[in-house]
Amino acid sequence: MISGSKCVDFMDSFPVDPSKLGAIPTATGVEFTLLTGPEATSVQLLLIADPSDRTNHTVHQMERVGNGGWKVFVEAAKPGDCYGFRVHGPYDPRQGLMYNPLKVVCDPFGKLIGDPGRNEPALYVYNPYDKTLVDKCDSLLCAPLSMVPPVDDFDWEDLKHLPRPPQDRLMI
């Protein structure tokens with residue numbers, strides 16, 4: 001730790017519970033939760049029952065939770081369903097912002113990959129010849145997809161968490 005610096009616990013700044021990120025199946029449906037940058041303006045969940053027929057999918061608008069968190073509960077979703085996200089927001093590579101809603105993104109917090117997709121130019125967020133230009137190709141047909149995992153029936157209630165080490169003992 002740098003002398004005189006204020007150390008902020010990263011986990012305490014999350015707008016959602018980190019253990020609930022990804023797709024969490026329940027007895028009545030699936031809760032989908034995603035973290036994005038705070039600049040994201042909207043997020044859509046694409047639920048795809050059969051990855052071989054990606055044109056047959058449902059779109060669910062996610063609700064903002066805090067500054068960069070998004071969630072939606074889908075009753076019709078079940079373990080084994082494939083899904084991805086479309087994240088809307090500004091496109092300004094000079095500022096490090098490259099949101100492109102034409103791109104379907106895999107869940108960074110997902111527990112399973114349902115379809116690895118195919119490496120095609122449509123996956124690029126930007127024009128491969130000029131990164132300042134947004135790519136206009138839809139990646140739905142080739143993007144990797146996450147898969148809703150089976151219901152976790154392990155009883156986590158009585159599990160004892162290990163204490164966190166003091167901040168001055170951490171090496172970053």
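Now for a description of the structure that goes with this document. On a predicted model such as this, the values are computed, not experimentally measured, just so you know.

Concerning the packing of aromatic side chains
Item 1. Throughout the structure, instances matching the rule amount to three aromatic pairs.
Item 2. On the basis of an interplanar angle of 65° and a centroid distance of 5.0 Å, the ring pair of Phe-32 and Tyr-83 is categorised as edge-to-face. One end of the pair, Phe-32, is in strand β2 (residues 30-35); the other, Tyr-83, is in strand β7 (residues 82-88), and 51 residues separate them in sequence. For the pair formed by Phe-32 and Tyr-83, the shared burial category is buried.

Some thoughts on the nonpolar core
Item 1. Among the nonpolar cores identified, the biggest contains 19 residues, and Phe-32, Leu-45, Met-62, Tyr-83 and Phe-85 are the most heavily contacted of them.
Item 2. Elements with a minimum of two residues in this core: β2, β3 (42-48), β6 (69-74) and β7.
Item 3. With residues near it in sequence (within four places) discarded, Leu-45 still touches Phe-32, Thr-58, Val-59, His-60, Met-62, Val-72, Val-74, Tyr-83, Gly-84 and Phe-85.

Concerning the pattern of salt bridges
Item 1. Tallied over the entire structure, the rule returns six salt bridges.
Item 2. Notably, a salt bridge pairs Asp-135 with Lys-103, separated by 2.6 Å at the nearest N-O pair. Residue Asp-135 is located in the loop between β13 (130-134) and β14 (145-147), and its partner Lys-103 is located in the loop between β9 (97-98) and β10 (104-105); the two are separated by 32 residues in the primary sequence. Both residues of the pair, Asp-135 and Lys-103, count as buried.

Quick look at the state of the cysteines
Item 1. Under the definition given, this model contains zero disulfides.
Item 2. As a non-bridged cysteine, Cys-106 has Cys-82 as the owner of its nearest cysteine sulfur, 9.4 Å distant.
Item 3. Residue classification places Cys-106 among the partly exposed positions, given a relative accessible area of 24%.
Item 4. With no disulfide of its own, Cys-137 has Cys-142 as its nearest cysteine by sulfur position, at a separation of 8.9 Å.
Item 5. What makes Cys-137 partly exposed here is its relative accessible area of 40%.

Parameters and conventions
- Residues numbered from 1 in each chain as written.
- Predicted model: local features only at pLDDT ≥ 70, side-chain atom pairs only at ≥ 80, totals over all residues.
- Heavy atoms only, no water.
- Phe/Tyr/Trp six-rings, centres within 6.5 Å; stacked < 30°, edge-to-face > 60°.
- Helix = DSSP H or I, 4+ residues; strand = E, 2+ residues; numbered from the N terminus.
- Buried < 20%, exposed > 50% of the residue type's maximum accessible area, 1.4 Å probe, protein only.
- Core = buried A, V, L, I, M, F, W, Y, C linked by side-chain atoms within 4.5 Å.
- Contact = heavy atoms within 4.5 Å.
- Salt bridge = Lys/Arg side-chain N within 4 Å of Asp/Glu carboxyl O.
- Disulfide = S-S within 2.5 Å.

Purely geometric numbers; function is a separate question.
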